Amino acid sequence: MFIFVPANPGEHHFRDLRPRQRPFVYWESAVTVAVVLLATARVIVVALLAAAGAGKLARMDGATYPAALTRAAVTFAAVITLAATAAGVFVTLLT
């Protein structure tokens, strides 16, 4: 007994599914949202690391806790501001 298998057995199933598939636009917007969220999370993590380093260096320099916290907050704000400025420049250049 021989079993004959067509050259592409799944082809007819894919033809039936094509009209039911979602348009590609939804996929592009989902990817865009994911990229923006990941970039934002990365900027926040880098800002927190820079702030922690600035606070530690301030304490090692002999600053009080409030002064070290102030330096860390200023560093965090500076990194966030720099990232927002860079993003604005990139948006202006790419559009």
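Here the structure is shown first, and the text comes after it.
All values reported here derive from a predicted model rather than from experimental measurement.

Draft legend 1. View of the overall build of the protein chain. Across its full length, the protein chain carries three helices and zero strands. Along the chain direction, N to C, the helices and strands of the protein chain fall in the order α-α-α. Looking at the 95 residues of the protein chain, the share that counts as buried comes to 9%.

Draft legend 2. Seen up close, the packing of aromatic side chains. All chains considered together, the criterion is met by zero aromatic pairs. Sitting above the plane of the tyrosine 65 ring, arginine 59 keeps its charged end 3.9 Å from the centroid.

Draft legend 3. Fine view of a nonpolar patch on the surface. Among the surface-exposed residues, Val89, Phe90, Leu93 and Leu94 lie close enough to one another that they form a single nonpolar patch of about 480 Å² accessible area. Assignment of secondary structure puts leucine 93 in helix 3 (residues 65-94). Residue classification places leucine 93 among the exposed positions, given a relative accessible area of 65%.

Cut-offs used in this document
- Residues numbered from 1 in each chain as written.
- Predicted model: local features only at pLDDT ≥ 70, side-chain atom pairs only at ≥ 80, totals over all residues.
- Heavy atoms only, no water.
- Helix = DSSP H or I, 4+ residues; strand = E, 2+ residues; numbered from the N terminus.
- Buried < 20%, exposed > 50% of the residue type's maximum accessible area, 1.4 Å probe, protein only.
- Phe/Tyr/Trp six-rings, centres within 6.5 Å; stacked < 30°, edge-to-face > 60°.
- Lys NZ or Arg CZ within 6 Å of the ring centre and 35° of its normal.
- Patch = residues over 30% accessible without salt bridge, like charges linked within 9 Å, V, L, I, M, F, W, Y side chains within 5 Å.
- Areas by Shrake-Rupley, 256 points an atom, 1.4 Å probe, with all protein chains shown as cover.
- Salt bridge = Lys/Arg side-chain N within 4 Å of Asp/Glu carboxyl O.

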